[in-house]
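Structural description and commentary
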Amino acid sequence: TAKVARVDGASDKKGAKQGAKQQPALLRRVEDPAPLFASARPVPIRGRKNLPSGDSSKLPAEIFPPKGGAFPLVVEPAAPGATIAEYAAAANALMTEEKALFDHGALLFRGLPVKTPEDFAEFCEGLGWESSTLGGGGTIRTQLTKHVRTASDEPPEHTIEPHLDMAHNPTYPSRIAFFMLQGPPEGAGGETVLTDMRKVTEDMQAAGLVDKFARKHGVLYRKKLWSQEHVEHAFTWQRKYFTEDKKVVEAELTKQPKMRFHWSEDGKDVLEHENDGDAVLTHPVTKETVWFNGIHTNHRDYFDLAPHVDTSDGSPYDTFYGDGDEVSAEELATIRASVWRHSVAAPLQSGDVVVVDNVLAAHGRIGWTPGVARRMLLNHFK
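Attention here is on the structure that accompanies the text. (Residues numbered from 1 in each chain as written. Predicted model: local features only at pLDDT ≥ 70, side-chain atom pairs only at ≥ 80, totals over all residues. Heavy atoms only, no water.)

**Considerations on the sheet that holds strand 11 (residues 192–196)**
Judged by pairing direction, the sheet is antiparallel, and its 4 strands sit side by side in the order 9-20-11-18 without closing on themselves. This sheet does not close on itself; its edge strands, each paired only once, are strand 9 (160–163) and strand 18 (343–346). Sheet twist, expressed as the average angle between the axes of neighbouring strands with direction ignored, equals 20°. Where strand 11 lies against strand 20 (residues 361–365), 5 bridges are found, and the strand directions are antiparallel. The partner of Leu194 across the bridge, within strand 20, is His363. (Pairing = 2+ DSSP bridges. Helix = DSSP H or I, 4+ residues; strand = E, 2+ residues; numbered from the N terminus. Axes fitted to C-alpha atoms, helices over the stretch in contact; angles between N-to-C directions.)

Structure, rendered in structure tokens:
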């Protein structure tokens, strides 16, 4: 069953200009996406190797493919033969004017003529949203074009917990577009995880964690990045801020409110910085209060368990209550259990595009069989 998304024009920049040229029915909503994922199997979570809090009985035993059509909303072409720019303008109108992105939090576009990184860049430009490239994230990525990057360069067998990009930072992307350049074969793993943060917020309120973090002055994030001149791992300020110029890094950090930083005095140019944040955020459009932070994904236990991260000289990231107290293992397990419980595992195909509201929907990935090809790209938007 499908509902046609009509386009009367798009609201942003280039999307607005292109929207006027659209046919009135370029995209349609797929009301029941279950047949698209009929062969997908549940994904084991509890007990997964190197997964933080993975042995906790609070975590769900497994998570499932999308069902029902509400999260994510699946969209496909209603009319073939349109250009990438035309589909992008239609997508803009669907997500902003029809408020589909705010209603659902995440959209999966399947069947668009997006095949290459260049196609994906054209689609992102056609959305009419302002792209951004923020430094300081916790995920290892490679810059491909001005705004298109690999989604993650971690080893294939490594599962990445659902997270909100740059939620540990005063500045963060409001929306993210993902493009599955090369999807893994069925049964190899590599599912894309999407998490409904509205439901997570309800759990965190019920568990008393929203109130507790408020009483204890929010969240404290501590971060440490080394220089690539002295280490071989990827947690360097050059890699994280896409520059070899310390002045550029300092300028970026100075722009961030509540950010404190200093360089080591031992000649090794180690950057240590910290900032404060709240555990929740008021969504700028819907005005909902949403659990928005990096408490569990920036905690040192994630990095201690990751075989590819060298923590012999300390963890690159860590989180605390704002007053400096530790977040307990039990509390971390409570957070992670909710995040996984409200997640779906989507087996994406080559050419799939996923757009998320970076406050309403978290994202992650399941590890896959080493040697199997899988490549995902992303573009951040302000």
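Let's pick the thread back up.
**Some points on the environment of Ser312**
With respect to the helices, strands and loops of the structure, Ser312 is situated in the loop between helix 9 (300–305) and strand 17 (317–321). Under the relative-accessibility criterion, Ser312 is labelled exposed at 68%. (Buried < 20%, exposed > 50% of the residue type's maximum accessible area, 1.4 Å probe, protein only.)

**Observations regarding helix 5 (residues 197–206)**
Residues of helix 5 that are buried: Met197, Val200, Thr201 and Met204. Down the axis of helix 5, the buried side of the element spans an arc of 105°, and every buried residue falls inside it. Those residues of helix 5 that are exposed and angled more than 90 degrees off the buried face are Glu202 and Ala206. Check the buried side of helix 5 and you find it contacts strand 11, helix 6 (209–215), strand 16 (289–291), helix 10 (329–341) and strand 20. (Arc of directions from axis to C-beta. Contact = heavy atoms within 4.5 Å.)

**Some remarks on the pattern of salt bridges**
Taken as a whole, this structure holds 21 salt bridges when the rule is applied. Across the pair Glu98 and Arg29 runs a salt bridge, and its minimum N-O distance is 3.2 Å. You can see Glu98 sitting in the loop between helix 2 (84–97) and helix 3 (100–104) and its partner Arg29 sitting in strand 2 (residues 27–30), a full 69 residues away along the chain. Among the salt bridges present, the one from Lys382 reaches Glu130, with a minimum N-O distance of 3.0 Å. Highlighted residues: Lys382 in the segment after strand 21 (375–381) and Glu130 in the loop between helix 4 (117–126) and strand 7 (131–132), separated in sequence by 252 residues. Each member of the salt-bridge network shares a partner with another, and the members are Arg222, Arg260, Glu274 and Asp276. (Salt bridge = Lys/Arg side-chain N within 4 Å of Asp/Glu carboxyl O.)

**Focus: unusual backbone geometry**
Look at the link from Phe71 to Pro72: it is a cis peptide, with omega at -10°. Inspection of the secondary structure assignment puts Pro72 in the loop between strand 4 (62–63) and strand 5 (73–77). Its identity is not glycine, yet Lys99 carries a phi of approximately 65°, on the positive side. Following the sequence through the fold, Lys99 ends up in the loop between helix 2 and helix 3.

**Here's the deal with helix 10**
A rise of 1.5 Å per residue sets the reference length of helix 10, with its 13 residues, at 18 Å; its end C-alpha atoms lie 18 Å apart and thus fit the reference within 8%. Along helix 10, 10 of the 13 residues are buried, which leaves the element largely enclosed by surrounding structure. Within helix 10, the full set of buried residues consists of Glu331, Leu332, Ala333, Thr334, Ile335, Arg336, Ala337, Ser338, Val339 and Trp340. (Expected span 1.5 Å × (residues − 1).)

**Some thoughts on the side chain of Asn275**
Along the chain, Asn275 turns up in strand 14 (residues 271–277). Classification of Asn275 by relative accessible area gives buried; the value is 1%. Side chain to side chain, Asn275 and Lys223 meet in a polar contact 2.9 Å long. Each residue touching Asn275, except ones within four places of it in the same chain, is listed here: His168, Asn169, Pro170, Val219, Leu220, Tyr221, Lys223, Lys258, Met259 and Arg260. (Polar contact = N/O pair within 3.5 Å; in protein donor to acceptor, adjacent residues only side chain to side chain.)

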